[in-house]
Amino acid sequence: MATGQQTIGELPFRSVWPWSSDTTPGYEITYLLLSYSSWLTSTANPGIDCTFMGICFHISAEFTSIKTRLAGLAAKIDKLAPDWHVLHAEDNEKVYAELRETVDKHNATIELCETSQTLAQEMILIHFITSAMVICMNGVNLIIARGAAKAIYVCYIMTALIQAFVFCYGGDSLEESSTQLNTELYNLSWHKLNANGRRAIAMMIQRTNKTISIAVPFFRVSMPTFANIIQASGSYVTLLNTFLE
């Protein structure tokens, strides 16, 4: 930017450096570093969010696949033994083999969910804490700001809310798909199976009674949690605003 006879280089963000950023080559180096840091931030955060949602959708699809297999198995049992008849020994063995495969797949999916939860616990907790802080601080700035400056803080708040929504929606999708297995298990004609088949169904029902979700210390990642974040942030913003008045 030219001001009379002097040319002042504008930087993308306000910053303080141990060298002069007004002259060459300090200006060029500073500009590149700031541009790289902004690019890294704008790509890394969505990348983490999309990766987490992708993992949740993958596990959710696994539970949906198990639900479909159970529905097909229930139809097969009713076809082989209509009304109140029981399965023959040969049919029992075939159905039990398919049921065991489904149980193993269900156990593997639960283990995958638990492993993902263990690896992502700290990251999710830090993400929600920082999102709540961003929403609160920018909510206060939104109240203080005047004119067009309000739009900047609205963008910050919307970005933090979208990030929290992505996490909560993914976790809620996983939780909902896991709870739907109970219905399909109860629809199975367990009384037509032998003792091994009934025992396998009972074990699977026992495991599905426990809600499968992405849980971190103090809360579960779900849509009710997202609603609580908005509610708590609004309360904190109101409280901080009373101190500013």
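Just above, that's the structure.
Colleague: Requested: an account of the environment of cysteine 168, with residues and values cited.
Modeller: Looking at where cysteine 168 falls in the secondary structure, it is placed in helix α3 (residues 149–179). Between the alpha carbons of cysteine 168 and isoleucine 214 there is a distance of 9.3 Å; along the sequence they are 46 residues apart. What cysteine 168 contacts, discounting residues up to four positions off in sequence, is Phe128, Val221, Ser222, Met223, Thr225 and Phe226.

Colleague: Account for the side chain of threonine 102, naming residues and giving values.
Modeller: Here threonine 102 is to be found in helix α2 (residues 89–144). When its relative accessible area of 3% is taken as the criterion, threonine 102 is described as buried. A polar contact of 3.0 Å, which involves the side chain of threonine 102, links it to the backbone oxygen of glutamate 98.

Colleague: Run through the environment of alanine 75, naming residues and quoting values.
Modeller: Here alanine 75 is to be found in helix α1 (residues 26–80). The exposure class of alanine 75 is partly exposed, given its relative accessible area of 45%.

Colleague: Go over the pattern of salt bridges with me, naming the residues and quoting the values.
Modeller: Across all of its chains, the model carries seven salt bridges by this definition. For the salt bridge of lysine 105 with glutamate 62, the shortest nitrogen-to-oxygen distance reads 2.7 Å. Taken together, the positions of lysine 105 in helix α2 and glutamate 62 in helix α1 put the pair 43 residues apart, joining distant regions of the chain. With a shortest N-O distance of 2.4 Å, glutamate 98 and lysine 76 are connected by a salt bridge. Here glutamate 98 is found in helix α2, whereas its partner lysine 76 is found in helix α1, with 22 residues between them in sequence. Relative accessible area serves as the criterion here: at 30%, glutamate 98 is assigned to the partly exposed category.

Here is what the cut-offs are and how they apply
Residues numbered from 1 in each chain as written. Predicted model: local features only at pLDDT ≥ 70, side-chain atom pairs only at ≥ 80, totals over all residues. Heavy atoms only, no water. Helix = DSSP H or I, 4+ residues; strand = E, 2+ residues; numbered from the N terminus. Contact = heavy atoms within 4.5 Å. Buried < 20%, exposed > 50% of the residue type's maximum accessible area, 1.4 Å probe, protein only. Polar contact = N/O pair within 3.5 Å; in protein donor to acceptor, adjacent residues only side chain to side chain. Salt bridge = Lys/Arg side-chain N within 4 Å of Asp/Glu carboxyl O.

Remember that the coordinates give geometry; whether it matters functionally is a separate question.
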